[in-house]
Every structure is written in C-alpha cells, then in structure tokens.
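Now for the letters of each chain:
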Amino acid sequence: MPPHRTWLTLAATALLATTGTALPARAAGGAAGTGSAAEAGPALAVDLSAPTHPISPYVYGMNFTEEALAKEVRLPVRRWGGNATTRYNFRLDTPNRAADWYFENIAGDNADPAALPDGSETDRFVDQDKRTGTDSVITLPLIGWAPKERAKACGFSVEKYGPQQSTDQWAPDCGNGVRPDGTNITGNDPHDTSVEVGPEYVTDWMAHLRGRYGDASHGGVRFYNLDNEPDIWHSTHRDVHPAGASYDEMRDKTYAIAAAVKAADAKAQTLGPVGWGWSSITLSGSDQQRCSIEGCWSNPPDQAAHGGVPFGEWYLQQMRAYEQAHGVRILDYYDNHWYPQAGVFGGDPSDPGDAAKQALRLRQTRTLWDRAYTDESWIGQPVYLIPRMKDMVARNYPGTKVAVTEYNFGALGSLNGALAQADVLGIFGREGADLATLWSPPTSAEPGAYAFRMFLNYDGQGGRFGDTSVLSTSEDQGRLAVYGARRGADGALTLVVVNKTGSDLTSPLTVKGGAPGTSAQVYRYSGADLTAIARAADLPLTTTATSATASTTFPANSITTLVVPDSVPPTAPAGLKAGRPTAHAVTLTWSAARDNVAVKGYQLSRQAPGEPVRTQDLTATRAVVTDLAPGRRYTFWVRARDLAGNLGPKSQSVQVTTPPR
C-alpha cells in the first residue's frame, strides 16, 4: 500500500510479528544493569588484516543543530532543509510553510528587513556553520515557485475559496485547502502566495552566498540539495504543484537547476532527487499520486511509459546521460530520505514506547543494511537501504556518492532512541554511506546527543571514532552490535559496542592482526547516568604478535566506546650511512623503520664533543645536514616516530669528521 506522510508524522500499517532482538527488560532510562549475574554474550571479533575503507566524516551530520552541540562535537555537516525550504525567497527572507501550516507565507524573524538579502535566515545559518567549522547543505528550489512578498498570504483563502475543514487560529482566513466534505480544493491560483522562479533565481542566490562566504573550494557553501521531497509536492505543496512530479519533469528541472549550480560554482556538490522514502526509490510523484487513487501499483503508468525502469535507476541514468552529452557532472550524491515505517518514529521523543516498540525500534535499524531482514511494515520486503543505493549507483552512474539527508528512528529523548541512533551511526560508517543528516536533532542534554558524542567527543576532549572502517563482527548483531575503525591521526583502534538488550552481557573480544596496544580505554553511556559519559577502568588485552583477546561485560542498554591507543614503538632504523663530508655538510641515509600501524617520521640526532645533543625531525629517510663546523667529529643516530608519537630505539650510530677549511 502507498505511504501517507505529513510533517514529522509517518502512518504505517499494523506491526508484524517480532523476531530476533531480545526485548528490553525495562523502559529506557532505567538502571544500567539488571542486578543479576551477566549473561553470556555473543563473541566479538575485529580483523585488522581484512580490507578496509574510509569512513566519510559527513555521515555524522544533522539538520538545524543547535550551535552549542555543533561546536562541542565539531559537527562535520549541517543541513538547512525540510518542506518550508522548498519555497523560500532569500531576497525577502520568507518561506511558504506549505501543508505544515496552512500553506502560508510567513516572513522570517529579521531584525533589519531593509538590509535583505543580507542577514536572511540562510545567511545566519551559514554564519553559525562558519563559527563551528561545519559544512553547510542549503536546499535550492526545483519546484519553480517562491513567496511573492513578506506580507502574510495563504494558498487557500476562506474568503476566496470557501469554508474549509481547518483554519489557522491566528489567521482564520487561511485554510488547509480541504472542504468540509473532505475533498481537496482544486483550481486555486498559485499567484495568491507565490511567483515563478527558475535557474536565474538560483544563480542570483548563489552569487549572494559566494559574495559573503566565497565559493565551495574557498570556505563557502559546499553542498546544495536539489529541493526537498519533490515526489510528494502534490501533497506538501499542492497549492502550487497539485499534480505529482513525473519522471520527465524531475529530469528536466534537475538539468536546469543543477546545471545552474555548477555554472555558478563548479566545485559545489549537488544532492538529488531527495525523495521522501521507500516509494521514492521506484516511483515518481506522478505514480505515487495516481496509484494511491487508482490502485495501479502493479503497473504504474509513468514507470511503464519509461520502459518499466524504477524511478531512481532511471534518474541516475539521465544524470549520467547529461554528463556524457555535456562533459559536466551535475549530480554528485544520490540522496533519499529514510523514516522507518513500522511506527517507531513520531510522537514525544522522550517516550520510547513499551518494551515491544523499543525492541522494534532497535530491529528497524536493520532496514539500513540487512538483505535478510524483511521490514516489519507495509513495505513487507528487505530494504537494505545503503547497499541498495550503492548498487543502484554502480549500475547506473558510477562515481555518484550516496546520501540520506533526512532520517530519524525516533525517541531521541530516551536511552532507547540513543541506542538506535548509535547503531545507525555505526551502520553508516560500516556500510560506506557518504553523507547523512539526522532530521529533528536532539538538544545537547538529550540522550540522542550522547549517541553522537560516543563517536565525535567520547572523552569531552575531542576524542573521535576512527576514520578507516575495519572488519568488526558480532555473533549476534541484534543483541550486541559492534563497529570498528582505525584513527588516522594516531593509529588508535576504536570500537563502539551497543548492547541492545535488557541484560548485562559478558562477551569475548578477539582482535586479529595484532592490536596497537595492550589495553583499551573504556567510555560508556547507559541508564546509570543519562547526563554524562562515564570513564570506566581500562580493559587489559592479552596480546601476541598476531592477535589480542579480552573478555568484558557490557551493561544492559548501553553504548561503549573502546579505544586502544598505539603503545608499540617503531623498530630502529637500519643501515645508517654517511656520505663524504665537506667542511660544513654531510648527507646521511638509512632504511625505513617498521611499525605496527605506521611510521610518521624520524628524529635525527647529533652530538659533538663538549656540545649538547641537537635533534631535527624529518619525514624522509635521507637528510642533508649543512650547519657543521670544520674539523669537528660528530656522532649521528636516528630514531623512528609513529602516528601516536611513540619513539623507537636508536639506530646504530655513525661518526663523521669534517675536514678543516
């Protein structure tokens, strides 16, 4: 059956029978442990010898994050999006609120309208991002309409179009466009609220942004969304776009607007088609609208008219065709929103629901990756969203990245929601998503914010999860999920473990390929204290040359970040040799040292009789020393330094005597 979606509300069919994940033993936010002996948990394994891949920092993004939280976690990317951004006039600082609020133009709260477009909402949005070092995603209109003036106006005036089921209590002439008998008002005039806009409007807006912030390669806006959920314009913006957007309309409007973006800023990145969810992958807005009325789901007419090719696949093919014809890539990210349809999103974010709903929420994260998980909603089939999108790209437009610029698994004001959010962040990194921004983010104090902290600031000092994903597996990912990564800055191994059950779980951990150190720092978020991340005692590792093992208990309903700092120094460089010296210079060479992670550089030392030791840092295995004194004897040696700063043993020394003048 088709989805019915309104602002921050998803309606789904009945929940199906539940399987897999153990139910939480209590409501989220309870005590950290059960008070009874820990259960035997699934074995965890990390293989450092297996293939790796980079984790994009942009998977840790949000929409409209508060500045304090963005600054604290050094938020990588923040999106200005949603229904109201589809029709926003940057010159007037005025959006149309669409179906979210009676199709009204409501002017932005602006201290100096005479200065517009300077100081608009989007300017202030980017200003915040500049202060926090965050990249911005700005939504541009494909719909072809923007508010005509700052004065309030509404798409369905009661005076003009007659009585309606609901009206704005503060502006009673503005209705919801539905007659008392339940039928939609049709034939209204879009010019009641809006004026036509097109590529020239986008060009002007981007010129304004470039003038304030520079272009994308010089600190300006890096990302542009190609509208917001255009496949449901016929619902959210039906006062100006009552007909569902077709295959051809989406292609043509994307060509026009995305080409304008690239012409205005060649390094800017575009994201499209920004569909609302599951149906967006296969169906155009035209088919979604028509089949919701006619029941034509088995043979959608717009899809049939395009060779039976699902919309997302066809869209990618058309973007590839544009590049082949014009030599310009106008689509950088294939973007599709994701809201789980089994009833776990929506409502009070502090209320995770009963035990069954909490367990369902934690299972629903499998829709992002698990080809064997049948979605427990009207979808009724495996979704595996990230692999599916990557497969679509590989078939139809290789080189395109994948993005999810809106998602939410609900209850971010609860521990259960935080567990789901941490699971999602781990999945995005493991599965190779390229950009993701949480819709309706938590406040700094809510549990959902701690899910981000466990990846972006687990120690309150900027400690971050690694940036290179390593193979990490659990015997039962539904009970105890594990995600692993190496950190490029210092070579540390980082793991995030999510206990999704209501029981303490004691599990063995094996690291194949040799851990970088002999102990793991332990940081934990749980119901023991929903206001802080606790630093627990370090976890000793039993290490050999090829592996490391440990056993530890993960409290019920908890998120644990394990950090294994690199404590193993590099080997001593071999083969230190000196060339024939001159009165003031000598060339030294040596063989590269080895390290369990990576050698960062070398410390070359020298000493002459009666003088202190002098050192210099190098990155190469060759040095030309040019400040020697004539007729002096020097002793040289070299040590290797790794990414963590560990300094290895000295090489064999070599003596050099410079000739007199």
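Before reading on, note that the structure itself is shown above.
Reference entry: report on the structure contained in this document. (Residues numbered from 1 in each chain as written. Predicted model: local features only at pLDDT ≥ 70, side-chain atom pairs only at ≥ 80, totals over all residues. Heavy atoms only, no water.)

1. Re the pairing of strand β15 (residues 171-175)
Applicable threshold: Paired strands, in this sense, are two strands between which DSSP finds at least two bridges. In this description a helix means any DSSP run of H or I spanning at least four residues, a strand means any run of E spanning at least two, and both kinds are numbered starting from the N terminus.
As paired elements, strand β14 (residues 167-168) and β15 share two bridges and run antiparallel to each other. Of the residues in β15, the one forming a bridge with T167 is G175. Where β14 folds back on β15, the antiparallel hairpin that results is connected by two residues.

2. Observations regarding the state of the cysteines
As a reminder, the rule being used: Any cysteine sulfur atom paired with another within 2.5 Å is treated as part of a disulfide. Exposure categories follow from relative accessible area, calculated using a 1.4 Å probe and restricted to protein chains: below 20% of the type maximum is buried, above 50% is exposed, and the middle band is partly exposed.
By the definition in use, this model includes two disulfides. Between the sulfur atoms of C291 and its disulfide mate C296 the distance is 2.1 Å. With the S-S dihedral at roughly -100°, the linkage between C291 and C296 falls on the left-handed side. The class of C291 is buried, set by a relative accessible area of 1%. In the protein, numbering the disulfide-bonded cysteines from first to last in sequence yields the connectivity 1-2, 3-4.

3. Notes on the packing of helix α3 (residues 121-132) against helix α5 (residues 199-213)
What counts is decided by this rule: Inter-axis angles, ranging from 0 to 180 degrees, are taken between N-to-C directions of lines fitted to C-alpha atoms, where helices are fitted over the stretch in contact. Here a crossing is called left-handed whenever its near helix is offset anticlockwise from the far helix by less than a right angle, and right-handed whenever the offset is clockwise. It only takes one pair of heavy atoms within 4.5 Å for two residues to be counted as in contact.
Two elements in contact, α3 and α5, have axes separated by 12 Å at closest approach and are oriented at 35°. By crossing handedness, the relation of α3 to α5 is classed as right-handed. Residue-level inspection shows T122, D123, V126, D127 and K130 of α3 in contact with α5, the latter providing W205, H208, L209, R212 and Y213.

4. Comments concerning unusual backbone geometry
Residue P117 is reached from L116 by a cis peptide bond, and omega for that bond is 10°. Looking at the element boundaries, P117 is found in the loop between β10 (104-105) and α3. Cis geometry marks the peptide bond from G272 to P273, where omega comes out at 0°. With respect to the secondary-structure elements, P273 resides in strand β18 (residues 269-275). Notably, Y102 is not glycine yet its phi reads approximately 55°, a positive angle. Topologically, Y102 is positioned in the loop between β9 (94-95) and β10.

5. Observations regarding the environment of T589
By the secondary structure assignment, T589 is in strand β32 (residues 586-589). Exposure remark for T589: the relative accessible area of 31% places this residue in the partly exposed category. With ten residues separating them along the chain, T589 and G579 place their C-alpha atoms 8.3 Å apart. Beyond its immediate stretch of four places on either side in the chain, T589 contacts G575, L576, K577, T621 and R622.

6. Re the pairing of strand β34 (residues 614-618)
Pairing analysis gives five bridges linking strand β33 (residues 599-607) to β34, with the strands arranged antiparallel. Paired with Q603 across the strands is D617, a residue of β34. Counting the residues that bridge the hairpin from β33 to β34 gives six residues, and of these G610 lies at a positive phi of roughly 80°.

7. Points about the packing of helix α12 (residues 355-364) against helix α14 (residues 415-431)
What counts is decided by this rule: Here roughly perpendicular refers to angles of 65 to 115 degrees, roughly parallel to angles under 35, roughly antiparallel to angles over 145, and oblique to all remaining angles. Residue polarity is assigned by list, with Asp, Glu, Lys and Arg as charged and Ala, Val, Leu, Ile, Met, Phe, Trp, Tyr, Cys and Pro as nonpolar; anything else, Gly included, falls into the polar class.
It is the contact of α12 with α14, at a shortest axis distance of 9 Å, that shows an interaxial angle of 10°. Put simply, α12 runs roughly parallel to α14. Across the interface between the two elements, Q358, R361 and L362 of α12 pack against N416, G417, L419, A420 and D423 of α14. Looking at side-chain class alone, the contact of α12 with α14 contains three nonpolar, three polar and two charged residues.

8. Points about the sheet that holds strand β36 (residues 633-642)
The sheet built from four strands is open, its strands ordered β34-β33-β36-β37 with antiparallel pairing. What marks the edges here is a single partner per strand, and that holds for β34 and β37 (654-657). Mean inter-strand twist for the sheet, computed between neighbouring axes without regard to direction, equals 25°. The pairing of β33 with β36 spans eight bridges and is antiparallel. Within β36, the position partnered with V599 by the bridge is D642.

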